[in-house]
There are 2 protein chains.
Amino acid sequence: MKKVKKQAVAILGCGTVGGATAKLLTQDIDFLRKRTGVNFYLKYIIDINFNHAKELNLDNSLFVSNLDDVLADPEVLVVVELVGGTTFAKKAAIKILNAKKNLVTANKALLAKHGVELFSIARKNKVSICFEATCAGGIPIIRAIYDGLLANKHDALYGIVNGTCNYILTEMTLNGVSYKRALKEAQEKGLAEADPTLDVSGMDSAHKLAILSSITFGMQIDLDSITVSGIDKLDQFDINSGKELGYIIKLIAMARHDEGQLSLRVAPSFISTEHPLAWVSGPFNAISLYSHALGHSMYYGRGAGGSPTASAVVSDIIGLFLGTAEKFFKTLPIWPDKTKPAALLPSGEGKGRYYLRIVLKNYAGVLAKIAAVFADYNISISSVIQKEITEEMAEEITESYVPVVIITHKVREEALLKAIAKVDTFDFVKGKIVYISIMDEHEEIF
Amino acid sequence: MKKVKKQAVAILGCGTVGGATAKLLTQDIDFLRKRTGVNFYLKYIIDINFNHAKELNLDNSLFVSNLDDVLADPEVLVVVELVGGTTFAKKAAIKILNAKKNLVTANKALLAKHGVELFSIARKNKVSICFEATCAGGIPIIRAIYDGLLANKHDALYGIVNGTCNYILTEMTLNGVSYKRALKEAQEKGLAEADPTLDVSGMDSAHKLAILSSITFGMQIDLDSITVSGIDKLDQFDINSGKELGYIIKLIAMARHDEGQLSLRVAPSFISTEHPLAWVSGPFNAISLYSHALGHSMYYGRGAGGSPTASAVVSDIIGLFLGTAEKFFKTLPIWPDKTKPAALLPSGEGKGRYYLRIVLKNYAGVLAKIAAVFADYNISISSVIQKEITEEMAEEITESYVPVVIITHKVREEALLKAIAKVDTFDFVKGKIVYISIMDEHEEIF
């Protein structure tokens, strides 16, 4: 990196994370220099609206509105993109890289969609991209993968990487709160956006899974190759029956090897209360990795919020000034622009156990008919539990209907979906069949 | 780092970790080169006995018995010290550094006792020391502290850093096994040494705490300044009564700020079942950090064993060849030789809640006498539970005695010890009073 007497940083976008980063880089700058031995400082905050920056009492002299002026300043070696979105953010990122400035970003959508392109532009300009803050906020999981665990072949990655969803599911599971109410709470606490779609649909988790799995497995991951389902359709009834069976519901972002191919999925899943991920509550995130030398390791912390995310952003800035970021970026062949597209397991080919819930007319022989269909598709059933009707249900269901919970053994997803489609056609089945994947403890491979 | 066409590693000591490291560096060398973009290889295994190496089918051509010959080879840039102990290991480490070879070590006792000296010798010779494997085996916790969390001021560190102790305590807690039997099991499983003293006494945890806290807080930590107690005196009875009160017993290595000073302790502690550390079972380790920007984060994984520890050793080797290790080592002012001795809280000054168990003659007015003593020392009691005598106890205790469990509010340790000493003198008190610290959830500071 070019040696200049004073090394400056610029922040593009002064929202929650931008503001917290600016605060850390001003309030704690003496500590940061003392701790790192690097003499750097925040020179610019680029935005069009400085209301939030003013609320934080950030110095007016930092505020500028023209990115080009900042990029023209040779003292600026690092620009932090924190505007979010993929349209303006992409243009800005390309501008920053072409101006030969190192880029730090917390923008998961941007890297999940345009990572390959941006990384090659960075390489052409001999600068680096750092993105610790894109996944799981302040948890140093990206570093764990590209540095601490570099000696490992990874078999699987399981993550709780969306704090909004985990907060909502924790409330529904532990406090019996309805989805609607839990979401409202999350919004009141500032844990969910006014429009929560990106979070509750699972798309935000998919963006993070694409980034994490690309460096974990050293492959290009196409966002569209991830099967995504969200938490917005979950019913309290199923969360409770799962709990009675010893399972906790979590939105799990999963990437694992399956017969030599990679299978990628984001879905609400039942995990055993024995698994460390089951204990991850509220807005916290955690990522479990299963690796050939280390075995199971897990990384836990705050996956969102200004200050925790700023912790990751600033560690990236420091890495760039230390010169370590450049070495990792230049030498390691694991980055998206240096790898090949992943060999993916065709959707439907995945195997797993499932929780099914069927509401059906309560008369003799009905279960036999359903069992027969499952038998036709070689789906073996490990248990069937006929449940009481809850008051909630009673409102919509006449007494003659009963909910039945079925736990399958390991089945091929495709076969299961076909069987479900068939059973759905029976006139004694009310509404759609609910099915939730059961995530068994992943075996350590040594 | 000197550029040579081929970059060689030598391993000193081919025991469990040495063997696993050699295995990883030979069996998986093609993968490692592909994954890291660095062309390196294992050239020597230095030992006096190669039985274990032969069992692992390591190539005879690697075996040498003279360290000096290896140090004379300019192709060798990194030597990994895995002999353990502090006498020969220290001599060897100094030799390696003076020969201008970078040192990778898993030797916690060596660094805890002689870190300052070794680091300055390394600096004189312009080489680096890497020690990820000294603490919590394969968990990249050292990197988390010096890299991923570098932007943080840390308030506290709590760790379960000894797999042997955690295995024994898990067995005692979950399966009601006695200490003796759990230890025997651990030895049969290869999780405990034939002489388990270093582990069960808490000294091994103290070594790791000294290393972790020195870089977490950027201070020199004198091993003798850590208050250490082990698990060998724990009684099943107390583990069970703690459990009934919602606490799990763990051997906790703790370093935290207390009124601006640092307090360091290794002790069996009761932690609430709500705390993530309570779920860390069997031979697994975990470290919780409380930091001013990130808040609470935790790092979980296998803290011992050949292959998990080799994962950390090899990541250090790769860091040295990448050139990142050198940058961290040279620039950061957090290493023991660059910092000042810690300002420590005088022992006894620490405050906390405690579990006490007193066995006393069962007649009227006895508890009142004890309560009076506690009152004299301003120790307020939150609850008193008179327990049933267990069969085990009945053997040693005549019926007229009953065990009484007392939970205190926050008290100064010194006052508590004085009160206990006083109560111990009462003739109606049988044996010594058992006291175990209760570790409440540490508050996040943002």
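What you are looking at is a predicted structure, and each value in this text was computed from that prediction instead of being measured.

Let's talk about the confidence of the model for chain A
Regions with low pLDDT carry predicted coordinates that are not meant to be interpreted in detail. Mean pLDDT over chain A: 94, with 97% of residues reaching 70 or higher. Interface confidence in the predicted complex, given as ipTM, is 0.95; pTM for the same model is 0.96.

Section: unusual backbone geometry
Residues and elements named next belong to chain B. A positive phi angle, close to 55 degrees, is found at Asn57, a residue other than glycine. Accessibility expressed as a relative area gives 67% for Asn57, which makes it exposed. One non-glycine residue with positive phi stands out, namely Ala136, at about 55 degrees. Examined against the element boundaries, Ala136 turns out to sit in the loop between strand 6 (129-130) and helix 7 (141-148). Given a relative accessible area of 0%, Ala136 falls into the buried group.

Structural notes on the environment of B:Tyr299
Within the secondary structure layout, B:Tyr299 lies in strand 13 (residues 295-302). Beyond its immediate sequence surroundings of up to four residues, B:Tyr299 is in contact with A:Pro140, A:Met298, A:Tyr299, B:Ile139, B:Ile141, B:Ala144, B:Leu149, B:Asn285, B:Ala286, B:Ile287, B:Leu289 and B:Leu294. A distance of 2.8 Å separates a polar atom in the side chain of B:Tyr299 from a polar atom in the side chain of B:Ser297.

Thoughts on the packing of aromatic side chains
If you walk through the whole model with that rule in mind, you get 31 aromatic pairs over all chains. Ring geometry for A:Phe426 versus A:Phe428: centroids 5.0 Å apart, planes at 15 degrees, classification stacked. For the residue pair A:Phe426 and A:Phe428, the accessibility class agrees, reading buried in each case. When the centroid spacing of 5.4 Å and the interplanar angle of 65 degrees are considered together, the rings of B:Tyr146 and B:Trp335 count as edge-to-face. Of the two residues, B:Tyr146 sits in helix 7 while B:Trp335 sits in the loop between helix 14 (324-331) and strand 14 (340-341), which places them 189 residues apart along the sequence. On the basis of relative accessible area, B:Tyr146 is assigned to the buried category, the value being 9%.

Details of the relation of the copies chain A and chain B
Note on the copies: chain A fits chain B at an RMSD of 0.0 Å, the axial shift is 0.0 Å, and the rotation between them is 180 degrees. Expressed as a symmetry operation, the mapping of one chain copy onto the other fits a two-fold axis. When the interface residues of chain A are mapped onto chain B, 100% of them again fall at the interface, so both copies present the same face.

Topic: the interface of chain A and chain B
If you look at the interface, chain A gives 57 residues, while chain B gives 57 residues. Summing both sides of the interface, chain A and chain B together bury roughly 4800 Å²; the carbon and sulfur share of this comes to 62%. When residues of chain A are sorted by the area they lose upon contact with chain B, A:Arg35, A:Trp279 and A:Tyr300 head the list and together hold 16% of the total. On the surface where chain A and chain B come into contact, there are six salt bridges. The salt bridge involving B:Asp147 is made with A:Arg143; its shortest N-O contact spans 3.0 Å. At the level of secondary structure, the elements contributing two or more residues to the side of chain A that touches chain B comprise helix 2 (29-36), helix 7 (141-148), helix 11 (203-217), strand 12 (295-302), helix 13 (306-322) and helix 14 (324-331) of chain A. Note: strand 12 of chain A against strand 13 of chain B, three bridges, orientation antiparallel.

What about helix 17 (residues 413-424) of chain B?
Residues and elements named next belong to chain B. In this model, helix 17 (12 residues) spans 16 Å end to end at C-alpha, consistent with the 16 Å of a helix rising 1.5 Å per residue. Taken together, the buried positions of helix 17 are occupied by Glu413, Ala415, Leu416, Ala419, Ile420 and Val423. One side of helix 17 carries all its buried residues, which in axial view fall inside an arc of 155 degrees. Structurally, helix 17 contributes buried residues whose contacts are with strand 15 (351-361), helix 15 (366-376), strand 17 (401-408), strand 18 (411-412) and strand 19 (429-439).

What counts, and at which threshold
Residues numbered from 1 in each chain as written. Chains lettered and ligands numbered in written order. Predicted model: local features only at pLDDT ≥ 70, side-chain atom pairs only at ≥ 80, totals over all residues. Heavy atoms only, no water. pLDDT = per-residue confidence, 0-100. Buried < 20%, exposed > 50% of the residue type's maximum accessible area, 1.4 Å probe, protein only. Helix = DSSP H or I, 4+ residues; strand = E, 2+ residues; numbered from the N terminus. Contact = heavy atoms within 4.5 Å. Polar contact = N/O pair within 3.5 Å; in protein donor to acceptor, adjacent residues only side chain to side chain. Phe/Tyr/Trp six-rings, centres within 6.5 Å; stacked < 30°, edge-to-face > 60°. Least-squares fit on C-alpha atoms with pLDDT ≥ 70 in both. Buried area = accessible area lost by both parts, 1.4 Å probe. Salt bridge = Lys/Arg side-chain N within 4 Å of Asp/Glu carboxyl O. Pairing = 2+ DSSP bridges. Expected span 1.5 Å × (residues − 1). Arc of directions from axis to C-beta.

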